[in-house]
Amino acid sequence: MKKTWLVLILACIFMLSSCGDSKSPSKVEEPDNEPAETADADAEETPDAEVPEEPTADNNAEFDPEHPGYTVEFNIIDVDMMGQGQSMAIGYFMKTAREDLEEGAAEDVTLDTCVMGESSPRVPSCTSKEDCAPEQECVPETDSNGQVIENSEHCETPNRASLDVGPVMISGFNGGPYPFAYEPGDQVYKLNGTGDGSIDRSIIAYNTEYEIAADSLIPDDLKSLSAKFTMPPALALIEPAMVEGGMFGAAVEVDNTKPLTFKWESNGGKGYIDITITAAQSLANVVSVTCKVRDDGEFTVPDEFTSQLVFGGGGDDMMSQMLQMMNMITMDRHSEAPITGEGISSGRVTSEQLVMANVIPAGSNVPAPEPEPTTEPEPTNEPEPEPEPEEPEGE
């Protein structure tokens, strides 16, 4: 479920308009209207998710089809694509399905490792409906173009609906707290219950504690919810340094003959970052390397991976420009915390920060040497010789 919603959110981001009333949040005044104090360092904090992810106590409970409880998830997405920013906040409530609880199981993922391709090789978890629970179907995942992803078959409960359970308040944003409500068109929770899910980037507060709360929710078996999580520092690439010369201005210069070291502001080792480098040598030869790394501020991609990245383009023709646009680095920071409350079987709030930058191969931005000036004969002050007179014909 998480990956499906994330793909939906990211697909929507690049279709958002750059202005509109939906981005102007309506502030909810608090009695004292004073900024919340930062918790002491010794105070108990809600841990951010690590990989492998530890299941919560609720997720360990056995699924009861007669009383499944509710699944709730809120996502805050912040994207910086070649210097152009876009942000989104969205959420949903659903009756819990069996697979929601299974998502809390530990994942077989090792941090600070790299693989060729965008993910580890997939292994289907089912081959037919007989491998699933009675209420589930064995279905594959699809990509953003609707194409089936090979070996992605899994058990999933069909025909689930997003629910309107009443307003939810989120504090921690600059100028907040703000109300989030169900928007029936897209059937998800949005700021003020309107718009396309986008929010003004200026209201996102980084390295700050947020809180999600709701009381007197509509269903009798869902009374309230609460969550506290810390938004990580703003994600920005410190090394390798940006240089001029990319298709979109500043770009990352990559030397595929050496290991490539990334540096960024750490989140103290909490959560993780996916670093993906894509290289297009031609339209028929596009390769990528993805590294899942601990969010501690530094990671080096070994040369055994960088050596397989061959970046095409460099010319002025349309094909070269297409290849240059495909040469990309994407850093995706993920952190999360649980949402708890009476009636909630599975709940979490996640933040995703994505930084996308164009790539140019090392040396491609070195200016060409200026041509040597042509040597012209120096002018002299001697007068030009006068032409000799022609002899008349017939003499």
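What counts, and at which threshold
- Residues numbered from 1 in each chain as written.
- Predicted model: local features only at pLDDT ≥ 70, side-chain atom pairs only at ≥ 80, totals over all residues.
- Heavy atoms only, no water.
- Helix = DSSP H or I, 4+ residues; strand = E, 2+ residues; numbered from the N terminus.
- Buried < 20%, exposed > 50% of the residue type's maximum accessible area, 1.4 Å probe, protein only.
- Contact = heavy atoms within 4.5 Å.
- Areas by Shrake-Rupley, 256 points an atom, 1.4 Å probe, with all protein chains shown as cover.
- Salt bridge = Lys/Arg side-chain N within 4 Å of Asp/Glu carboxyl O.
- Phe/Tyr/Trp six-rings, centres within 6.5 Å; stacked < 30°, edge-to-face > 60°.
- Pairing = 2+ DSSP bridges.
- Axes fitted to C-alpha atoms, helices over the stretch in contact; angles between N-to-C directions.
- Polar contact = N/O pair within 3.5 Å; in protein donor to acceptor, adjacent residues only side chain to side chain.
- Arc of directions from axis to C-beta.
- Core = buried A, V, L, I, M, F, W, Y, C linked by side-chain atoms within 4.5 Å.
- Disulfide = S-S within 2.5 Å.

Digging into the overall build of the protein
Then comes step 1: The secondary structure content of the protein amounts to four helices and 20 strands.
Then comes step 2: Within the span of the protein, comprising 395 residues, buried residues form 40% of the whole.
Then comes step 3: The long-range fraction of contacts in the protein, counting pairs at least 24 apart against all pairs at least 6 apart in sequence, stands at 70%.
Then comes step 4: In the form shown here, the protein has an accessible surface area of approximately 22,300 Å², with 50% of it arising from carbon and sulfur atoms.

A short note on the pattern of salt bridges
Think of it this way: side chains of opposite charge can pair up when their charged atoms draw near.
Then comes step 1: In this structure the tally under the stated criterion is 14 salt bridges.
Then comes step 2: Ionic pairing is found between Asp78 and Arg201, a salt bridge with its closest N-O pair at 2.9 Å. Of this pair, Asp78 sits in strand S1 (residues 70-81) while Arg201 sits in the loop between strand S9 (198-199) and strand S10 (208-214), and the two are 123 residues apart along the sequence.
Then comes step 3: The salt bridge involving Arg98 is made with Glu135; its shortest N-O contact spans 2.9 Å. One end of the pair, Arg98, is in helix H2 (residues 98-102); the other, Glu135, is in the loop between strand S3 (113-116) and strand S4 (137-139), with 37 residues separating them in the sequence.
Then comes step 4: Of the residues examined, Arg98 reaches a relative accessible area of 21% and is grouped as partly exposed.
Then comes step 5: Through salt bridges with shared partners, a single network forms among Glu99, Asp100 and Arg160.

Comments concerning the packing of aromatic side chains
Then comes step 1: Summed over the entire model, instances satisfying the criterion amount to nine aromatic pairs.
Then comes step 2: Between Phe74 and Phe93 the ring centres are 6.2 Å apart and the planes differ by 80°, which places this aromatic pair in the edge-to-face class. Here the residue Phe74 occupies a position in strand S1, and Phe93 occupies one in strand S2 (residues 84-95), the gap between them amounting to 19 residues.
Then comes step 3: On the basis of relative accessible area, Phe74 is assigned to the buried category, the value being 3%.
Then comes step 4: Measuring from centroid to centroid gives 6.1 Å for Phe173 and Tyr178, while their planes differ by 45°, and the two rings are tilted.

Here's the deal with the sheet that holds strand S12 (residues 237-239)
Then comes step 1: Pairing is antiparallel across the open sheet formed by three strands, whose spatial order is S12-S15-S18. Each edge of the sheet is formed by a strand with only one pairing partner; in this case those strands are S12 and strand S18 (298-301). On average, each strand axis in the sheet is inclined to that of its neighbour by 30°, with strand direction left out of account.
Then comes step 2: The pairing of S12 with strand S15 (residues 260-264) spans two bridges and is classified as antiparallel. Its bridge partner lying in S15, Leu237 is registered against Trp264.

Some remarks on the side chain of Glu336
Then comes step 1: On the secondary structure map, Glu336 appears in strand S19 (residues 328-338).
Then comes step 2: We classify Glu336 as buried; its relative accessible area is 7%.
Then comes step 3: A distance of 2.8 Å separates the side chain of Glu336 from the side chain of His334, its partner in a polar contact.

A closer look at helix H4 (residues 318-326)
Then comes step 1: Regarding H4, the residues found buried are Ser320, Leu323 and Gln324. The arc that holds every buried residue of H4, seen down its axis, measures 100°, which confines them to one face.
Then comes step 2: As for H4, its buried residues are in contact with strand S16 (272-282) and strand S20 (344-361).

Focus: the pairing of S1
The side chains of a regular strand alternate, first on one face of the sheet and then on the other.
Then comes step 1: Most of S1 is tucked away, with ten of its twelve residues classed as buried.
Then comes step 2: Pairing between S1 and S20: twelve bridges, direction parallel. If you follow Asp78 over to S20, its bridge partner there is Gln353.
Then comes step 3: Across twelve bridges, S1 lies against S2 in antiparallel orientation. From the neighbouring strand, Ile77 faces S2, where its bridge partner is Met88.

A few points about the nonpolar core
Then comes step 1: Core analysis: the largest hydrophobic core is formed by 32 residues, its most contacted members being Phe74, Phe93, Phe173, Phe180, Tyr210, Ile212 and Ile339.
Then comes step 2: Elements with a minimum of two residues in this core: S1, S2, strand S6 (168-171), strand S7 (178-183), strand S8 (188-191), S10, strand S11 (225-231) and S20.
Then comes step 3: If we skip the residues at most four places from it in the chain, Phe180 touches Phe74, Ala89, Pro167, Val168, Ile170, Phe173, Tyr189, Lys190, Leu191 and Asn192.
Then comes step 4: Phe299, Leu309, Phe311 and Ala357 belong to the second largest nonpolar core, which has 25 residues in total.

Looking at the state of the cysteines
Then comes step 1: This model, assessed by the stated rule, comprises three disulfides.
Then comes step 2: The residue that forms a disulfide with Cys114 is Cys291, at a sulfur-sulfur distance of 2.0 Å. Taking the sign of the S-S torsion, 105° for the link of Cys114 and Cys291, the bridge is right-handed. Here the residue Cys114 occupies a position in strand S3, and Cys291 occupies one in strand S17 (residues 285-294), the gap between them amounting to 177 residues.
Then comes step 3: The exposure class of Cys114 is buried, given its relative accessible area of 13%.
Then comes step 4: Taking the relative accessible area as the measure of exposure, Cys291 reaches 1% and is therefore buried.
Then comes step 5: Covalent S-S linkage joins Cys132 and Cys155, the inter-sulfur distance amounting to 2.1 Å. Linking Cys132 and Cys155, the disulfide has an S-S dihedral of approximately -80° and is accordingly described as left-handed. With a gap of 23 residues between them, Cys132 in the loop between S3 and S4 and Cys155 in strand S5 (residues 154-156) connect regions that are remote in the sequence.

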